[in-house]
Amino acid sequence: MKYGFVNVAAAVPTVKVADVDYNVQQVESLIAQAEGRGVEVIVFPELCITGYTCQDLFKEQLLLDRAEQGVIMLLDFTRKLDVISIVGAPVVINGLLYNCAVVIQGGNILGIVPKTYLPNYAEFYEKRWFASAQDLNPIDLYFAGNSVRVSAEPQVFVTSDGMKFGVEICEDVWAPIPPSNNLALAGADIIFNLSASDELIGKHAYLKSLLAQQSARTVSGYVYASCGFGESTQDVVYGGNALIYENGKLLVEGSRFSIQPQIQMCQIDIEKLRVERRQNTTFINAQRGAVAREIQCRLITPRDFELLRHIDSHPFIPKEEDMQTSCEEILNIQVAGLAKRLYHINGTKAVIGISGGLDSTLALLVTVKAFDKLALDRRGIIGITMPGFGTTDRTHNNAMKLMETLGVTIREINIAKAVTQHFEDIGQSAKVHDVTYENSQARERTQILMDVANKENAIVVGTGDLSELALGWATYNGDHMSMYGVNAGIPKTLIRFLVSYVAGEMATETLLDIIDTPISPELIPADEQGNIKQKTEDLVGPYELHDFFIYYFLRYGFSPKKIFLLAQRAFADIYDEETIKKWLTTFCRRFFNQQFKRSCLPDGPKVGSVSLSPRGDWRMPSDASSSLWMKECEEL
């Protein structure tokens, strides 16, 4: 395990019913593949040593003896291997037969886990052959040349680098209270399930939903391997499922109904899982009293780490197949938030500064939808465009066209004269384009919006977004301030998609041009051709990088070192290491330095899993030191 990632695998061998030698050979082949690929733990299907469908052959002593010999063969095969293998075998304990998972590493049995819940309905008759773990009295069992403590008590296995895992078998996860509940609450990061689930129409979808829910409910990784080709098809068929989940998300899925052996491998991020558990107070409360016997695994040989997982470069952006539904839901959250605020204050008017940029466009679209929802006249929305020293014709024209299209009240107030007078009052040269030059314009615009709101008995709707708040890319008590900030929970990369979605609904060229316009506060005069000269991403870095940093820094509390690793993978063909390091360092520096702005944010709705509200998700001292993070950035 490195950076919190653990290599795991679900294997589905071909089997021959009751042919232990053949089955062991198939298992050995897949174990060898797993070892070669750096897998730390691999799980096989239920009763894979004999085959699950032996039926009354489980009453035959010859088969049971040979199954034990098969485990001995595996122990000998794995003697010099690091990989932990979990195989299914029938085990006789105190005269009763149990359906067990045998956990093997380095030629030794680490533990034996008997199945708890035995299905005995419909096509299943397991109680005909097996006893339940609930019937087991604790015993020191001598099996396959090993002395093993076997009992009904929960067992959590601990690897040499601290990863913890538990084991349950097939029907266990279908029970109202699966054993994995207690295992996870007792500290297991990952649950491995050896299964023999037959295929029925509609069952596969239900199974995937069940496993996803269990993984999410226990905030765990869940690795599932089920019987496949070679099991008897006398009455039912086994499709060979190999599924791996992480906190409810499907990471890997095997090919069902394959006649070839298969091994599905991926990396589970247990650091992410542990962060989720620490933050989830419900999980913390639930784990009280959860206990399990811990079993230490063998020390393994260190290997070079390679990140194998796909890392989404735009974690805030919905998947294409979910785009419409997600955009509708996000907009509905924003609209509902603003509508409630207007309803509460009996408000019929709202003031918005319209720049012709993405943020103010989305804020205006949300406000229009809120007014429509409340059956208010759109003319109560006062859109004010405030040209200044850096305003271009492109953004000005787009602002005017957008307001005309939406049917809101339009006002234009040029700020140049007022700001020039302000410069004279404070002794600022208009030729010096410094922070005073820029912020004076931003604060003049906010003053206009606030005063018009007072005059019209309206509220100012804020336009600033999550990315700007994280970077502090806002003028304190300027565009930083409003009476309700509808975009406060929306990162910049997502805003573009939301506006694109509405553009598709409205079929307007204006929105498409706004989407294509470079992001800029337009506080510096345009170039000689009248184009935007001050481009935000040239100054603070690409928003797609910063949104990536925001997601992993805030959502999971990852260190710069881990975020850097993930970013290298996600943006491998876009940014080199030096560029990523440069902007990650900028992000860490600005995030700490600009916290004072976030400490007094206006109200605004949380939309996704990340929020910077000082009343909600993020409470941080404005004078916290960034030295730990900056030092790690320097060492990248």
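Residues numbered from 1 in each chain as written. Predicted model: local features only at pLDDT ≥ 70, side-chain atom pairs only at ≥ 80, totals over all residues. Heavy atoms only, no water.

With that settled, consider the packing of helix α8 (residues 358-373) against helix α9 (residues 393-406). Between α8 and α9, whose axes approach to 11 Å, the crossing angle comes to 10 degrees. Judged on the interaxial angle alone, α9 and α8 are roughly parallel. For the pair α8 and α9, contact is made by T361, L364, L365 and V368 and by L402, M403 and L406, respectively. Taken together, the residues of the contact of α8 with α9 break down into six nonpolar, one polar and no charged. (Axes fitted to C-alpha atoms, helices over the stretch in contact; angles between N-to-C directions. Helix = DSSP H or I, 4+ residues; strand = E, 2+ residues; numbered from the N terminus. Parallel < 35°, antiparallel > 145°, perpendicular 65-115°, else oblique. Contact = heavy atoms within 4.5 Å. Nonpolar A, V, L, I, M, F, W, Y, C, P; charged D, E, K, R; others polar.)

This part takes up the domain arrangement of the protein. Its domain assignment divides the protein into domain 1 (5-296) and domain 2 (320-635). Look at where the C-alpha atoms of domain 1 and domain 2 centre, and you get two points 50 Å apart. Both faces combined, the contact of domain 1 with domain 2 buries some 620 Å², and carbon together with sulfur accounts for 51% of it. There are three salt bridges connecting domain 1 and domain 2. Two residues, K562 and E271, come together in a salt bridge whose shortest N-O distance is 3.1 Å. Summed over the shared surface of domain 1 and domain 2, the number is three residue pairs in polar contact (both at pLDDT 80 or more). Among the elements that take part in the side of domain 1 that touches domain 2, helix α5 (residues 270-279) stands out by supplying five residues, more than any other. (Domains from an automatic or database assignment. Buried area = accessible area lost by both parts, 1.4 Å probe. Salt bridge = Lys/Arg side-chain N within 4 Å of Asp/Glu carboxyl O. Polar contact = N/O pair within 3.5 Å; in protein donor to acceptor, adjacent residues only side chain to side chain.)

Now for the side chain of S611. Examined against the element boundaries, S611 turns out to sit in the loop between α19 (595-598) and α20 (627-634). In this structure S611 comes out as buried when scored by relative accessible area, which is 11%. (Buried < 20%, exposed > 50% of the residue type's maximum accessible area, 1.4 Å probe, protein only.)

A few words on the pattern of salt bridges. In this structure the tally under the stated criterion is 32 salt bridges. Taking the shortest distance from any N to any O, the salt bridge between K272 and E246 comes out at 3.4 Å. Here the residue K272 occupies a position in helix α5, and E246 occupies one in strand β12 (residues 242-246), the gap between them amounting to 26 residues. On the basis of relative accessible area, K272 is assigned to the buried category, the value being 14%.

Turning our attention to the UniProt feature "binding site: deamido-NAD(+)" (unreviewed entry) in the protein. UniProt records the feature "binding site: deamido-NAD(+)" (unreviewed entry) for N439, E468, W473, A474, T475, Y476 and K597 in the present numbering. Here E468 lies in helix α12 (residues 466-471). The residues touching E468, leaving out its near neighbours within four places in the chain, are D359, W473, K492 and Y543. Relative to the helices and strands, K597 resides in helix α19. Not counting chain neighbours up to four residues away, the residues in contact with K597 comprise G472, A474, Y476 and H480. Within the structure, K597 has its side chain in polar contact with the backbone oxygen of G472 (distance 2.8 Å). (UniProt positions renumbered as here; feature names shortened; annotations may be inferred.)

Looking now at helix α13 (residues 492-506). Between its first and last C-alpha, α13 extends 21 Å over 15 residues, near the 21 Å set by a 1.5 Å rise per residue. Residues K492, T493, L494, I495, L498, V499, Y501, V502 and A503 constitute the buried set of α13. Looking at the buried side of α13, the elements it contacts are α7 (323-344), α8, α12, α14 (509-516) and α16 (543-556). (Expected span 1.5 Å × (residues − 1).)

Counting across every chain of the model gives 30 aromatic pairs. Between the aromatic rings of F157 and F165, the centroid separation amounts to 5.1 Å while the plane-to-plane angle is 15 degrees, which identifies the pairing as stacked. Overall, the relative accessible area of 0% leaves F157 in the buried class. On the accessibility criterion, F165 (0% relative accessible area) is buried. What links up through ring pairs into an aromatic cluster is the set F316, F548, Y551, Y552, Y556, F558, F571 and Y575. Note that K492 overlies the ring of Y543, its terminal NZ or CZ placed 5.1 Å from the centroid. Just above the ring of F5 sits the side chain of K562; from NZ or CZ to the centre is 4.7 Å. (Phe/Tyr/Trp six-rings, centres within 6.5 Å; stacked < 30°, edge-to-face > 60°. Lys NZ or Arg CZ within 6 Å of the ring centre and 35° of its normal.)

Glancing now at the nonpolar core. Core analysis: the biggest nonpolar cluster contains 54 residues, and I42, F44, I49, V71, V87, I109 and I112 have the highest contact counts within it. Other than its neighbours up to four places away in sequence, V71 contacts A89, V102, I104, I109, F143 and A144. (Core = buried A, V, L, I, M, F, W, Y, C linked by side-chain atoms within 4.5 Å.)

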